[in-house]
Amino acid sequence: MGRPWLLLSVTSAAALLGGQLAFVGSATAVPDLVADRPSAAPAYPADSLRALGARTGLKIGTAVNMDQLGSNEKYTQITAEQFSSVTAENVMKWAEVEAVRGTYTWEKADQMVAFAKKNKQLVRGHTLLWHNQLPAWLSSDGYTTTLSNDEVKAVLKKHVFAQLRHFKGDVWQWDVVNEAFDDNGQPRETIWYKAWGGTGYIADVFRWAHQADPKALLFYNDYNLEFTGPKSNAVYELVKSLKAQRVPIHGVGFQGHLSTQYGYPDLQSNLERFAALGQKVALTEVDVRTFTQADAVNTPVNPLASYAQESYWSRSLKACLAVRACISFTPWGFGDSYSWVPGWFDDPQEGAALIYDEQLNPKSQYYVLQQDLALAAGAPRR
Ligand code: G3I
(Lines give C-alpha, C1' and ligand atoms only; values in the text may rest on other atoms or scores of the structure.)
Protein backbone atom coordinates (compact mmCIF):
# COMPACT_ATOMS: atom_id res chain seq x y z
CA MET A 1 0.00 0.00 0.00
CA GLY A 2 3.06 2.25 -0.05
CA ARG A 3 2.65 3.46 -3.59
CA PRO A 4 0.38 6.39 -4.45
CA TRP A 5 -1.24 4.61 -7.40
CA LEU A 6 -2.33 1.77 -5.17
CA LEU A 7 -4.11 4.14 -2.80
CA LEU A 8 -5.87 5.70 -5.75
CA SER A 9 -6.84 2.32 -7.06
CA VAL A 10 -8.70 1.36 -3.88
CA THR A 11 -11.02 4.35 -4.04
CA SER A 12 -11.63 3.96 -7.74
CA ALA A 13 -12.35 0.26 -7.41
CA ALA A 14 -15.16 1.14 -5.03
CA ALA A 15 -16.48 3.59 -7.58
CA LEU A 16 -16.09 1.06 -10.34
CA LEU A 17 -17.94 -1.69 -8.59
CA GLY A 18 -20.47 0.51 -6.90
CA GLY A 19 -21.96 2.33 -9.81
CA GLN A 20 -21.71 4.39 -12.91
CA LEU A 21 -19.17 7.00 -11.95
CA ALA A 22 -17.88 8.68 -15.09
CA PHE A 23 -14.71 10.69 -15.37
CA VAL A 24 -15.51 13.54 -17.70
CA GLY A 25 -13.30 16.12 -19.25
CA SER A 26 -10.09 15.11 -17.52
CA ALA A 27 -6.87 14.65 -19.39
CA THR A 28 -4.56 14.32 -16.42
CA ALA A 29 -1.40 12.26 -16.68
CA VAL A 30 -1.47 8.98 -14.81
CA PRO A 31 1.13 8.32 -12.12
CA ASP A 32 4.33 6.65 -13.20
CA LEU A 33 3.52 2.98 -12.90
CA VAL A 34 5.98 0.31 -12.02
CA ALA A 35 3.88 -2.63 -10.87
CA ASP A 36 3.33 -5.71 -13.01
CA ARG A 37 6.16 -4.79 -15.29
CA PRO A 38 7.71 -7.96 -16.68
CA SER A 39 11.38 -8.44 -15.80
CA ALA A 40 12.50 -7.86 -19.38
CA ALA A 41 11.65 -4.26 -20.27
CA PRO A 42 8.60 -4.26 -22.60
CA ALA A 43 8.71 -2.44 -25.91
CA TYR A 44 5.74 -0.32 -24.93
CA PRO A 45 5.25 2.50 -22.42
CA ALA A 46 4.22 1.74 -18.86
CA ASP A 47 1.27 4.12 -19.22
CA SER A 48 0.06 2.61 -22.52
CA LEU A 49 -3.43 1.12 -22.61
CA ARG A 50 -1.97 -2.36 -23.03
CA ALA A 51 0.35 -2.04 -20.03
CA LEU A 52 -2.40 -0.67 -17.83
CA GLY A 53 -4.87 -3.32 -18.98
CA ALA A 54 -2.34 -6.03 -18.11
CA ARG A 55 -2.69 -5.15 -14.44
CA THR A 56 -6.16 -6.73 -14.39
CA GLY A 57 -5.42 -9.20 -17.19
CA LEU A 58 -7.72 -7.32 -19.58
CA LYS A 59 -6.59 -7.29 -23.21
CA ILE A 60 -7.04 -3.93 -24.90
CA GLY A 61 -7.52 -4.38 -28.62
CA THR A 62 -7.96 -2.46 -31.82
CA ALA A 63 -9.31 -3.17 -35.28
CA VAL A 64 -6.44 -2.86 -37.75
CA ASN A 65 -6.61 -1.16 -41.13
CA MET A 66 -4.09 -2.99 -43.29
CA ASP A 67 -3.86 -0.06 -45.72
CA GLN A 68 -2.15 1.85 -42.89
CA LEU A 69 -0.23 -0.81 -40.96
CA GLY A 70 3.38 -0.86 -42.12
CA SER A 71 3.06 2.12 -44.47
CA ASN A 72 1.92 4.78 -41.98
CA GLU A 73 4.65 5.06 -39.38
CA LYS A 74 2.66 6.80 -36.66
CA TYR A 75 -0.30 4.46 -37.13
CA THR A 76 2.00 1.44 -36.94
CA GLN A 77 3.75 2.65 -33.81
CA ILE A 78 0.50 3.34 -31.96
CA THR A 79 -0.87 -0.08 -32.93
CA ALA A 80 2.20 -1.77 -31.50
CA GLU A 81 2.54 0.32 -28.36
CA GLN A 82 -1.02 0.77 -27.17
CA PHE A 83 -2.78 -2.53 -27.83
CA SER A 84 -2.39 -6.12 -26.65
CA SER A 85 -4.86 -7.59 -29.13
CA VAL A 86 -5.58 -6.92 -32.80
CA THR A 87 -8.59 -7.64 -35.02
CA ALA A 88 -8.48 -7.50 -38.81
CA GLU A 89 -11.01 -4.81 -39.71
CA ASN A 90 -11.51 -6.33 -43.17
CA VAL A 91 -8.74 -8.62 -44.40
CA MET A 92 -10.00 -11.87 -42.86
CA LYS A 93 -13.50 -11.50 -44.30
CA TRP A 94 -14.61 -14.00 -46.91
CA ALA A 95 -14.65 -11.46 -49.80
CA GLU A 96 -11.00 -10.71 -49.06
CA VAL A 97 -9.66 -14.23 -48.60
CA GLU A 98 -11.51 -15.97 -51.44
CA ALA A 99 -12.54 -13.33 -53.99
CA VAL A 100 -12.02 -15.93 -56.71
CA ARG A 101 -13.67 -19.24 -55.94
CA GLY A 102 -11.09 -21.80 -54.82
CA THR A 103 -8.18 -19.30 -54.77
CA TYR A 104 -7.17 -18.14 -51.31
CA THR A 105 -5.33 -14.88 -50.66
CA TRP A 106 -4.11 -14.81 -47.10
CA GLU A 107 -1.29 -12.35 -47.59
CA LYS A 108 -2.67 -9.30 -45.78
CA ALA A 109 -4.13 -11.34 -42.97
CA ASP A 110 -0.81 -13.17 -42.59
CA GLN A 111 0.97 -9.82 -42.37
CA MET A 112 -1.29 -8.79 -39.52
CA VAL A 113 -0.72 -12.07 -37.67
CA ALA A 114 3.06 -11.69 -38.12
CA PHE A 115 2.85 -8.13 -36.77
CA ALA A 116 0.90 -9.39 -33.77
CA LYS A 117 3.46 -12.08 -33.02
CA LYS A 118 6.33 -9.63 -33.29
CA ASN A 119 4.60 -7.26 -30.89
CA LYS A 120 3.34 -9.92 -28.47
CA GLN A 121 -0.32 -9.29 -29.27
CA LEU A 122 -3.21 -11.73 -29.39
CA VAL A 123 -5.38 -11.98 -32.48
CA ARG A 124 -9.18 -11.80 -32.73
CA GLY A 125 -10.30 -13.52 -35.94
CA HIS A 126 -13.09 -11.60 -37.68
CA THR A 127 -15.28 -13.04 -39.10
CA LEU A 128 -16.06 -16.53 -40.37
CA LEU A 129 -19.74 -16.25 -41.23
CA TRP A 130 -21.53 -13.01 -42.01
CA HIS A 131 -24.08 -11.88 -44.58
CA ASN A 132 -21.89 -8.90 -45.60
CA GLN A 133 -18.59 -8.77 -47.47
CA LEU A 134 -19.16 -12.10 -49.19
CA PRO A 135 -17.37 -12.85 -52.46
CA ALA A 136 -19.35 -11.90 -55.57
CA TRP A 137 -19.34 -15.52 -56.79
CA LEU A 138 -21.26 -16.50 -53.66
CA SER A 139 -23.67 -13.65 -53.00
CA SER A 140 -23.90 -9.92 -53.69
CA ASP A 141 -26.24 -9.17 -50.80
CA GLY A 142 -26.09 -12.09 -48.37
CA TYR A 143 -29.73 -12.96 -48.98
CA THR A 144 -29.67 -14.31 -52.55
CA THR A 145 -27.34 -16.64 -54.39
CA THR A 146 -27.20 -18.58 -57.64
CA LEU A 147 -25.79 -21.60 -55.79
CA SER A 148 -28.05 -24.49 -54.73
CA ASN A 149 -28.69 -25.11 -51.04
CA ASP A 150 -26.35 -28.10 -51.08
CA GLU A 151 -23.60 -26.02 -52.69
CA VAL A 152 -24.06 -23.28 -50.11
CA LYS A 153 -23.64 -25.82 -47.32
CA ALA A 154 -20.58 -27.33 -48.96
CA VAL A 155 -18.80 -24.01 -49.61
CA LEU A 156 -19.46 -22.85 -46.06
CA LYS A 157 -17.97 -26.02 -44.59
CA LYS A 158 -14.94 -25.70 -46.88
CA HIS A 159 -14.52 -22.05 -45.92
CA VAL A 160 -14.62 -22.75 -42.18
CA PHE A 161 -12.02 -25.52 -42.39
CA ALA A 162 -9.77 -23.57 -44.79
CA GLN A 163 -9.76 -20.45 -42.64
CA LEU A 164 -9.48 -22.10 -39.23
CA ARG A 165 -6.73 -24.44 -40.38
CA HIS A 166 -4.77 -21.66 -42.04
CA PHE A 167 -4.68 -19.66 -38.80
CA LYS A 168 -4.62 -22.64 -36.45
CA GLY A 169 -2.83 -21.77 -33.23
CA ASP A 170 -2.55 -18.08 -34.19
CA VAL A 171 -6.04 -16.87 -33.32
CA TRP A 172 -7.13 -16.39 -29.72
CA GLN A 173 -10.81 -15.62 -30.30
CA TRP A 174 -12.80 -16.17 -33.49
CA ASP A 175 -15.99 -14.31 -34.33
CA VAL A 176 -17.55 -17.46 -35.73
CA VAL A 177 -21.04 -16.14 -36.44
CA ASN A 178 -21.62 -12.41 -36.90
CA GLU A 179 -24.96 -10.57 -36.74
CA ALA A 180 -27.36 -13.47 -37.33
CA PHE A 181 -30.33 -11.62 -35.77
CA ASP A 182 -32.07 -8.35 -36.61
CA ASP A 183 -33.00 -5.71 -34.08
CA ASN A 184 -36.42 -7.30 -33.54
CA GLY A 185 -34.74 -10.51 -32.44
CA GLN A 186 -35.74 -12.32 -35.64
CA PRO A 187 -33.18 -14.51 -37.39
CA ARG A 188 -31.97 -12.86 -40.59
CA GLU A 189 -33.14 -14.91 -43.55
CA THR A 190 -29.71 -15.04 -45.17
CA ILE A 191 -28.40 -17.57 -47.69
CA TRP A 192 -27.31 -19.66 -44.69
CA TYR A 193 -30.72 -19.59 -43.07
CA LYS A 194 -32.34 -20.50 -46.38
CA ALA A 195 -29.93 -23.35 -47.14
CA TRP A 196 -30.48 -24.94 -43.73
CA GLY A 197 -34.17 -24.04 -43.54
CA GLY A 198 -33.61 -22.29 -40.21
CA THR A 199 -30.84 -21.36 -37.77
CA GLY A 200 -29.35 -24.88 -37.67
CA TYR A 201 -26.32 -23.58 -39.57
CA ILE A 202 -25.11 -21.83 -36.41
CA ALA A 203 -24.52 -25.06 -34.47
CA ASP A 204 -22.85 -26.67 -37.49
CA VAL A 205 -20.44 -23.78 -37.99
CA PHE A 206 -19.38 -23.75 -34.33
CA ARG A 207 -18.84 -27.54 -34.43
CA TRP A 208 -16.76 -27.34 -37.60
CA ALA A 209 -14.70 -24.46 -36.22
CA HIS A 210 -13.97 -26.36 -33.02
CA GLN A 211 -12.96 -29.44 -35.01
CA ALA A 212 -10.57 -27.37 -37.13
CA ASP A 213 -8.92 -25.46 -34.25
CA PRO A 214 -9.86 -26.95 -30.87
CA LYS A 215 -7.93 -24.33 -28.89
CA ALA A 216 -9.53 -21.19 -30.32
CA LEU A 217 -12.22 -19.43 -28.29
CA LEU A 218 -15.34 -19.37 -30.42
CA PHE A 219 -17.63 -16.32 -30.22
CA TYR A 220 -21.05 -15.22 -31.42
CA ASN A 221 -20.70 -11.47 -32.23
CA ASP A 222 -23.40 -8.80 -32.72
CA TYR A 223 -24.34 -5.14 -32.24
CA ASN A 224 -27.03 -3.76 -29.94
CA LEU A 225 -26.62 -6.65 -27.51
CA GLU A 226 -25.62 -3.89 -25.08
CA PHE A 227 -29.29 -2.99 -24.60
CA THR A 228 -31.74 -5.42 -23.01
CA GLY A 229 -34.39 -5.98 -25.65
CA PRO A 230 -35.61 -8.38 -28.34
CA LYS A 231 -32.21 -8.84 -29.97
CA SER A 232 -30.21 -9.36 -26.80
CA ASN A 233 -32.95 -11.71 -25.54
CA ALA A 234 -32.92 -13.72 -28.79
CA VAL A 235 -29.16 -14.17 -28.62
CA TYR A 236 -29.43 -15.13 -24.96
CA GLU A 237 -31.92 -17.87 -25.89
CA LEU A 238 -29.68 -18.96 -28.77
CA VAL A 239 -26.68 -19.37 -26.47
CA LYS A 240 -28.79 -21.29 -23.94
CA SER A 241 -30.00 -23.62 -26.66
CA LEU A 242 -26.50 -24.12 -28.11
CA LYS A 243 -25.21 -24.96 -24.63
CA ALA A 244 -28.07 -27.46 -24.16
CA GLN A 245 -27.01 -29.13 -27.43
CA ARG A 246 -23.37 -29.17 -26.22
CA VAL A 247 -22.28 -26.96 -29.11
CA PRO A 248 -18.76 -25.57 -28.53
CA ILE A 249 -19.52 -21.86 -28.08
CA HIS A 250 -17.23 -20.07 -25.64
CA GLY A 251 -18.12 -16.43 -25.82
CA VAL A 252 -20.38 -13.59 -26.85
CA GLY A 253 -18.98 -10.44 -28.45
CA PHE A 254 -20.74 -7.17 -27.76
CA GLN A 255 -19.75 -4.91 -30.64
CA GLY A 256 -20.46 -1.68 -28.76
CA HIS A 257 -21.18 0.75 -31.61
CA LEU A 258 -22.66 3.52 -29.47
CA SER A 259 -24.02 6.96 -30.28
CA THR A 260 -24.57 9.88 -27.93
CA GLN A 261 -28.04 10.37 -29.48
CA TYR A 262 -29.23 7.26 -27.63
CA GLY A 263 -29.20 6.69 -23.89
CA TYR A 264 -26.33 4.73 -22.43
CA PRO A 265 -27.23 1.00 -22.46
CA ASP A 266 -27.55 -1.39 -19.50
CA LEU A 267 -24.37 -3.03 -20.74
CA GLN A 268 -23.05 -4.40 -17.47
CA SER A 269 -26.19 -6.38 -16.65
CA ASN A 270 -26.18 -7.85 -20.15
CA LEU A 271 -22.52 -8.84 -19.82
CA GLU A 272 -23.38 -10.42 -16.48
CA ARG A 273 -26.31 -12.47 -17.73
CA PHE A 274 -24.31 -13.95 -20.61
CA ALA A 275 -21.39 -14.62 -18.26
CA ALA A 276 -23.83 -16.46 -15.99
CA LEU A 277 -24.44 -18.88 -18.88
CA GLY A 278 -20.77 -19.83 -18.60
CA GLN A 279 -19.71 -17.63 -21.51
CA LYS A 280 -16.70 -15.40 -21.87
CA VAL A 281 -17.78 -11.95 -22.97
CA ALA A 282 -15.88 -9.20 -24.80
CA LEU A 283 -16.38 -5.70 -26.10
CA THR A 284 -15.34 -6.25 -29.71
CA GLU A 285 -15.95 -3.13 -31.84
CA VAL A 286 -16.42 -0.14 -29.56
CA ASP A 287 -16.88 3.36 -30.94
CA VAL A 288 -18.90 6.30 -29.65
CA ARG A 289 -20.14 8.59 -32.39
CA THR A 290 -21.84 11.94 -32.11
CA PHE A 291 -23.41 14.51 -34.47
CA THR A 292 -20.74 16.27 -36.48
CA GLN A 293 -20.45 18.95 -39.16
CA ALA A 294 -21.28 17.94 -42.74
CA ASP A 295 -18.10 19.54 -44.08
CA ALA A 296 -15.87 18.47 -41.16
CA VAL A 297 -17.10 15.00 -40.37
CA ASN A 298 -15.06 14.53 -37.21
CA THR A 299 -15.86 17.92 -35.67
CA PRO A 300 -18.82 17.68 -33.27
CA VAL A 301 -21.66 20.11 -33.89
CA ASN A 302 -21.85 20.66 -30.14
CA PRO A 303 -18.43 21.28 -28.57
CA LEU A 304 -19.75 19.76 -25.34
CA ALA A 305 -20.38 16.40 -27.04
CA SER A 306 -16.96 15.09 -26.07
CA TYR A 307 -18.07 15.01 -22.42
CA ALA A 308 -20.88 12.61 -23.28
CA GLN A 309 -18.51 10.56 -25.43
CA GLU A 310 -15.97 10.33 -22.61
CA SER A 311 -18.70 9.17 -20.28
CA TYR A 312 -19.84 6.41 -22.70
CA TRP A 313 -16.26 5.21 -23.24
CA SER A 314 -15.59 5.21 -19.54
CA ARG A 315 -18.77 3.40 -18.58
CA SER A 316 -18.25 0.74 -21.28
CA LEU A 317 -14.75 0.04 -20.09
CA LYS A 318 -15.83 -0.05 -16.44
CA ALA A 319 -18.67 -2.43 -17.26
CA CYS A 320 -16.14 -4.79 -18.80
CA LEU A 321 -13.66 -4.35 -15.93
CA ALA A 322 -16.34 -5.16 -13.38
CA VAL A 323 -17.20 -8.52 -14.98
CA ARG A 324 -14.45 -11.11 -14.62
CA ALA A 325 -15.63 -13.01 -17.72
CA CYS A 326 -15.02 -9.92 -19.87
CA ILE A 327 -11.63 -10.74 -21.35
CA SER A 328 -11.03 -8.03 -23.94
CA PHE A 329 -12.03 -4.48 -24.75
CA THR A 330 -11.54 -3.54 -28.40
CA PRO A 331 -12.21 -0.13 -29.96
CA TRP A 332 -13.05 -0.45 -33.68
CA GLY A 333 -9.85 1.29 -34.77
CA PHE A 334 -8.29 4.28 -33.04
CA GLY A 335 -7.89 7.21 -35.47
CA ASP A 336 -10.95 9.20 -36.57
CA SER A 337 -9.63 9.43 -40.15
CA TYR A 338 -9.94 5.68 -40.59
CA SER A 339 -13.28 5.08 -38.88
CA TRP A 340 -16.17 3.53 -40.81
CA VAL A 341 -18.61 5.87 -39.02
CA PRO A 342 -18.59 9.12 -41.09
CA GLY A 343 -19.04 7.16 -44.33
CA TRP A 344 -21.94 5.13 -42.99
CA PHE A 345 -23.87 7.62 -40.82
CA ASP A 346 -24.05 10.70 -43.03
CA ASP A 347 -27.66 11.86 -42.84
CA PRO A 348 -27.45 13.47 -40.37
CA GLN A 349 -23.69 13.34 -40.21
CA GLU A 350 -22.06 11.51 -37.29
CA GLY A 351 -18.37 10.97 -36.57
CA ALA A 352 -15.56 11.69 -34.08
CA ALA A 353 -16.19 8.18 -32.79
CA LEU A 354 -12.69 7.07 -31.81
CA ILE A 355 -9.99 7.87 -29.27
CA TYR A 356 -7.37 9.53 -31.52
CA ASP A 357 -8.02 12.54 -33.76
CA GLU A 358 -7.44 12.83 -37.50
CA GLN A 359 -3.74 13.57 -36.92
CA LEU A 360 -3.46 10.49 -34.68
CA ASN A 361 -3.12 12.52 -31.51
CA PRO A 362 -4.86 11.10 -28.44
CA LYS A 363 -8.21 12.74 -27.64
CA SER A 364 -9.71 13.24 -24.20
CA GLN A 365 -11.51 9.91 -24.80
CA TYR A 366 -8.11 8.19 -24.81
CA TYR A 367 -7.10 9.77 -21.51
CA VAL A 368 -10.34 8.69 -19.88
CA LEU A 369 -9.64 5.06 -20.79
CA GLN A 370 -6.05 5.40 -19.64
CA GLN A 371 -7.12 6.83 -16.31
CA ASP A 372 -9.83 4.23 -15.75
CA LEU A 373 -7.35 1.42 -16.38
CA ALA A 374 -4.77 3.04 -14.13
CA LEU A 375 -7.28 3.22 -11.31
CA ALA A 376 -8.80 -0.23 -11.75
CA ALA A 377 -6.46 -2.43 -9.78
CA GLY A 378 -9.37 -3.45 -7.53
CA ALA A 379 -11.28 -4.96 -10.45
CA PRO A 380 -11.31 -8.77 -10.61
CA ARG A 381 -8.28 -10.24 -12.40
CA ARG A 382 -9.05 -12.29 -15.48
O1 G3I B 1 -13.45 -4.30 -51.25
C2 G3I B 1 -13.26 -3.01 -51.79
C3 G3I B 1 -11.88 -2.87 -52.25
O4 G3I B 1 -11.61 -3.80 -53.27
C5 G3I B 1 -11.67 -1.42 -52.72
O6 G3I B 1 -10.31 -1.24 -52.98
C7 G3I B 1 -12.11 -0.42 -51.65
C8 G3I B 1 -12.04 1.00 -52.13
O9 G3I B 1 -12.83 1.83 -51.35
O10 G3I B 1 -13.42 -0.69 -51.26
C11 G3I B 1 -13.39 -1.97 -50.71
O12 G3I B 1 -14.34 -2.39 -49.85
C13 G3I B 1 -14.65 -1.64 -48.69
C14 G3I B 1 -14.11 -2.37 -47.45
O15 G3I B 1 -14.62 -1.77 -46.27
C16 G3I B 1 -12.60 -2.38 -47.38
O17 G3I B 1 -12.13 -1.07 -47.27
C18 G3I B 1 -16.15 -1.59 -48.65
O19 G3I B 1 -16.62 -0.79 -49.74
C20 G3I B 1 -16.64 -1.04 -47.34
O21 G3I B 1 -18.06 -1.19 -47.29
C22 G3I B 1 -16.03 -1.84 -46.21
O23 G3I B 1 -16.53 -1.31 -45.00
C24 G3I B 1 -16.35 -2.14 -43.85
C25 G3I B 1 -17.70 -2.61 -43.35
O26 G3I B 1 -17.51 -3.39 -42.18
C27 G3I B 1 -18.46 -3.44 -44.36
O28 G3I B 1 -19.73 -3.74 -43.88
C29 G3I B 1 -15.67 -1.30 -42.79
O30 G3I B 1 -14.35 -0.96 -43.21
C31 G3I B 1 -15.60 -2.09 -41.48
O32 G3I B 1 -15.18 -1.24 -40.44
C33 G3I B 1 -16.99 -2.61 -41.13
O34 G3I B 1 -16.87 -3.38 -39.95
C35 G3I B 1 -18.07 -3.96 -39.44
C36 G3I B 1 -17.69 -5.26 -38.78
O37 G3I B 1 -16.98 -6.08 -39.67
C38 G3I B 1 -18.94 -5.98 -38.23
N39 G3I B 1 -19.69 -5.11 -37.37
C40 G3I B 1 -20.03 -3.81 -37.92
C41 G3I B 1 -18.78 -3.10 -38.41
C42 G3I B 1 -19.11 -1.71 -38.91
O43 G3I B 1 -19.93 -1.79 -40.06
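Quantities reported herein were computed from a predicted structural model and do not represent experimental measurements.

## A look at the site of the ligand
Okay, so step 1: Contacts to the ligand come from 13 residues, most closely from E89, K93, H126, E285 and W332.
Okay, so step 2: Within the side chain of K93, one N or O atom sits 2.6 Å away from an oxygen atom of the ligand.
Okay, so step 3: Summarising the interface, the protein chains cover 49% of the accessible area of the ligand, which totals 800 Å² for the free molecule.
Okay, so step 4: Looking at the shell around the ligand, its residues break down into 3 nonpolar, 6 polar and 4 charged.
Okay, so step 5: Each of domain 1 (45-83 + 258-382) and domain 2 (86-254) accounts for three or more of the residues forming the shell around the ligand.

## Some thoughts on helix α13 (residues 364-374)
Okay, so step 1: Across the 11 residues that make up α13, a large majority, 9, are buried.
Okay, so step 2: Every buried residue of α13 is listed here: Q365, Y366, V368, L369, Q370, Q371, D372, L373 and A374.
Okay, so step 3: Elements that come into contact with the buried residues of α13 comprise α2 (49-54), β1 (59-64), α3 (73-82), α11 (305-322) and β10 (326-331).

## Some remarks on the confidence of the model for the chain
Okay, so step 1: Residues at a pLDDT of 70 or more form 89% of the chain, whose mean pLDDT is 91.
Okay, so step 2: Considering only residues more than four positions removed or in separate chains, one finds that residues 1-38, a stretch of pLDDT under 50, has 64 contacts.

## Structural notes on the nonpolar core
Okay, so step 1: Core analysis: the largest hydrophobic core is formed by 99 residues, its most contacted members being W174, W192 and F329.
Okay, so step 2: Here this core gathers at least three residues from each of two domains, domain 1 (45-83 + 258-382) and domain 2 (86-254).
Okay, so step 3: In this structure W192 touches W94, L129, W130, L134, L138, V152, L156, G198 and Y201, once residues within four positions along its chain are discounted.
Okay, so step 4: Grouped together as the second largest cluster of nonpolar side chains are 5 residues, W172, L217, F219 and I327 included.

## A few points about the packing of helix α6 (residues 149-166) against helix α8 (residues 200-212)
Okay, so step 1: Interaxial distance between α6 and α8 falls to 9 Å at its minimum, and their mutual angle equals 35°. Taken as a pair, α6 and α8 cross one another with a handedness that is right-handed. Residues K153, L156, K157, V160, F161, L164 and R165 of α6 pack against V205, W208, A209, Q211 and A212 of α8.
Okay, so step 2: The residue makeup of the contact of α6 with α8, split by class, is 8 nonpolar, 1 polar and 3 charged.

## Quick word on the packing of α11 against α13
Okay, so step 1: Packing of α11 against α13 brings their axes to within 9 Å, and their N-to-C directions diverge by 30°. The pairing of α11 with α13 is recorded here as roughly parallel in orientation. Pair α11 / α13 crosses with right-handed handedness. Contacts between α11 and α13 involve S306, Q309, E310, W313, S314, L317, K318 and L321 from the first element and S364, Q365, V368, L369, D372 and L373 from the second.
Okay, so step 2: Residue composition of the contact of α11 with α13, by class: 6 nonpolar, 5 polar and 3 charged.

## Concerning the environment of N270
Okay, so step 1: In this fold, N270 is placed in helix α10 (residues 267-275).
Okay, so step 2: Put simply, N270 and F254 are 16 residues apart on the chain and 9.4 Å apart in space, counted from C-alpha to C-alpha.
Okay, so step 3: Setting aside chain neighbours within four positions, we find N270 in contact with L225, E226, F227, T228, S232 and F254.

Definitions and cut-offs
- Residues numbered from 1 in each chain as written.
- Predicted model: local features only at pLDDT ≥ 70, side-chain atom pairs only at ≥ 80, totals over all residues.
- Heavy atoms only, no water.
- Near = heavy atom within 4 Å.
- Polar contact = N/O pair within 3.5 Å; in protein donor to acceptor, adjacent residues only side chain to side chain.
- Areas by Shrake-Rupley, 256 points an atom, 1.4 Å probe, with all protein chains shown as cover.
- Nonpolar A, V, L, I, M, F, W, Y, C, P; charged D, E, K, R; others polar.
- Domains from an automatic or database assignment.
- Buried < 20%, exposed > 50% of the residue type's maximum accessible area, 1.4 Å probe, protein only.
- Helix = DSSP H or I, 4+ residues; strand = E, 2+ residues; numbered from the N terminus.
- Contact = heavy atoms within 4.5 Å.
- pLDDT = per-residue confidence, 0-100.
- Core = buried A, V, L, I, M, F, W, Y, C linked by side-chain atoms within 4.5 Å.
- Axes fitted to C-alpha atoms, helices over the stretch in contact; angles between N-to-C directions.
- Left-handed = near helix turned anticlockwise from the far one by under 90°.
- Parallel < 35°, antiparallel > 145°, perpendicular 65-115°, else oblique.

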